[in-house]
Amino acid sequence: MSNTSATAPPVEGDPKRKVALIVVLFAAFMDLLDSTIVNVAIPSIQSDLGTGYATVQWVVAGYLLSFAVLLILGGRLGDMYGRKKLFLTGVAGFTIASALCGFAGSPGVLVGSRVLQGATAALMVPQVLSIITAAFPPKERGAALGAFGGVAGLATVGGPIIGALLIDADLFGQGWRMVFLINLPVGILLFLAASSVIRESKSPESIKLDVTGTVLLTAGLLLLLFPLVQGRELDWPVWSFASMAASVPVLALFWTYQRRLAGQGRPGLIVPSMFRNRSFTAGIVANTVFFAVTIGHFLIFILFLQNGLGFSALRAGLTGVPWSFGVSFGAAFSATVLTAKLGRKVMVIGAVLLAAGLAGISLTIQLRGDEIGSWSLLPALLIGGLGMGMIIAPILDFILTDVPPEHAGAGSGVVNAFQQVGGALGIAVIGAIFLGFLGGSADTAAKDAGGQLRTALVQVHVSEDQQKALTNAFETCFTERTQSKDPTVEPASCAPLTKVTDPQAGAAIGAAAADARREVFSTALQRTILAQLGLTALVLLLVLLLPKQASHHEESWDETADTGGEPSGPGVAEPRTA
């Protein structure tokens, strides 16, 4: 047993806890922002570094993989060596990695720096929830976790907006590099602030690093996540499904090993008894599906705006502002007011609003047709954002309500890891559904636009032979390009279209292409939203498995905080089953 200073603060809470909350929330915002901000910079990175589409995708994938695989380990290391110490290490490493990304002169250096950035984020991010859990007494923790949920939602949606603004501003002539270099001053200020306001806390247990568990978990997550991240780019080869199937026995072996350690009274990488808690288990599953729905939606919606409607990166980002506002307001209001009064009903209402927002997007596309724009999407986006905020804030309180401070790192690592798995599943599954509908409707959209093109060519007095040749080339070019895995590569079938010198014929081809893109992306998005609505309904059903209220065990937190002792049970507060 360690002394009291090594554990959570007294029950009245850390006197600097509110300032510390602001600091750790800025860190969480920086990380979450960085995981989405890069998406809008991909075309600029590809052009500047002269690399292929498949390689530049690893700028995103490398971060995601290293981050997700090391999250649980990062949380447990915080329990072992001190959450403040790991948080500061993570902030410093993340800032250095951001500088390496910003000054990268080759694709290889950039990808390697992004992998390092993800690894250091995995040290920093689990400590955010751990520090909140350890610093705030249970009666205040719901509002603090609600603030974290609001920041998470805002950063996830706001990444493309801020990224587009930074690239468009071209500060100091650095272009896309400012997406990473902006982290330097922020990271330095965070490190200095965290050093002075965050109080050290760690588990009172004597914990040794579970090397075997770390190896098994890392292998299992890599087997699962690598094919999810790269499968679509590689056209889902057989090995991708074999890898995902192999992850099941490896992760099962990890779970069995962790239970055996717990039975022997030896600490492992996770605390299996946490999963006997209904709030923790049901909340983890609901949160995983929820992140799959929302992260997958952000991907396909941005594709729809930029590739389907032809919006610039900046306009696409600004179109998402109503959703961001809805998330922030919904998270803040539900965490501070509604959850205490309504309990899990808040998340039920949130799931209904999220479904209404998604359905509203589809209905707007159907009704507005060619006239669809940012303003016409505003009501549906605002409603969807409110729904997301009303889930993302309170669900963390339900998940972590009975996790005692000494295991906050293990608990928060599991929460973050499952969120990343959910996000990866959403990108892979919802992305695959969307692209499948996109490719499936490309031929029909091309023929519809081809008929319009031929009529337009007649009006500008193009010869009949040329009309037929250009229309056939257009239909083939559009279909092949839409179905291509790399949209930046121009198929050979497009060559006749690039040789057209008549400005009127060129304008007709451009108009036909815009109409075809709008049709095919609109159809694909509407059909994919049906699948998202089904998953949102599943979230609602899972939320109903949660207890009606998140009951905070004040006495367990008090006992652990004051004595440095261990609460009842093998490592967690007494599990609730009702």
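Residues numbered from 1 in each chain as written. Predicted model: local features only at pLDDT ≥ 70, side-chain atom pairs only at ≥ 80, totals over all residues. Heavy atoms only, no water.

Some thoughts on the state of the cysteines
Now for step 1: For the structure shown, the criterion picks out 1 disulfide.
Now for step 2: Put simply, Cys477 and Cys494 are joined by a disulfide, and their sulfur atoms are 1.9 Å apart. Measuring the twist about the S-S bond at about 85°, one finds the Cys477-Cys494 disulfide to be right-handed. In this pair, Cys477 is assigned in helix α18 (residues 464-483) and Cys494 in the loop between α18 and α19 (495-498), connecting sequence segments 17 residues apart.
Now for step 3: Since its relative accessible area comes to 2%, Cys494 is described here as buried. (Disulfide = S-S within 2.5 Å. Helix = DSSP H or I, 4+ residues; strand = E, 2+ residues; numbered from the N terminus. Buried < 20%, exposed > 50% of the residue type's maximum accessible area, 1.4 Å probe, protein only.)

Structural notes on helix α9 (residues 211-230)
Now for step 1: Compared with the 28 Å implied by 1.5 Å per residue over 20 residues, the 28 Å span of α9 between its first and last C-alpha is a close match.
Now for step 2: Of all the bends found along α9, the most pronounced is centred on Leu222 and spans about 25°.
Now for step 3: Listed in full, the buried residues belonging to α9 are Gly213, Thr214, Leu216, Leu217, Gly220, Leu221, Leu224, Leu225, Pro227, Leu228, Val229 and Gln230.
Now for step 4: Backbone nitrogen of Gly213 and a side-chain oxygen of the N-cap are separated by 2.9 Å at the start of α9; the cap is Asp210. (Expected span 1.5 Å × (residues − 1). Bend = angle between axes of the 7 residues up to and from the residue. Polar contact = N/O pair within 3.5 Å; in protein donor to acceptor, adjacent residues only side chain to side chain.)

Details of the packing of aromatic side chains
Aromatic ring pairs are described here by two measures, namely the spacing of the ring centres and the angle between the planes.
Now for step 1: In total, this model carries 13 aromatic pairs according to the counting rule given.
Now for step 2: Look at Phe434 and Phe521: their rings are 6.0 Å apart centre to centre, the planes differ by 50°, and that puts the pair in the tilted class. Of the two residues, Phe434 is situated in helix α17 (residues 408-459) and Phe521 in helix α20 (residues 503-543); the sequence distance between them amounts to 87 residues. Take Phe434 and Phe521: they sit in the same class, and that class is buried.
Now for step 3: Among the aromatic residues, ring-to-ring pairing joins Trp255, Phe275 and Phe280 into one connected group.
Now for step 4: Taking the ring centre of Phe311 as reference, the NZ or CZ of Arg315 above it sits at 3.7 Å. (Phe/Tyr/Trp six-rings, centres within 6.5 Å; stacked < 30°, edge-to-face > 60°. Lys NZ or Arg CZ within 6 Å of the ring centre and 35° of its normal.)

Remarks on the confidence of the model for the protein
Now for step 1: The pLDDT averaged across the protein works out to 81; a share of 89% of its residues lies at or above 70.
Now for step 2: Confidence over residues 1-11 falls short of pLDDT 50; this stretch has 35 contacts with residues more than four positions distant or in other chains.
Now for step 3: With pLDDT under 50 throughout, residues 553-578 is counted as low confidence; its partners more than four residues away or in other chains account for 81 contacts. (pLDDT = per-residue confidence, 0-100. Contact = heavy atoms within 4.5 Å.)

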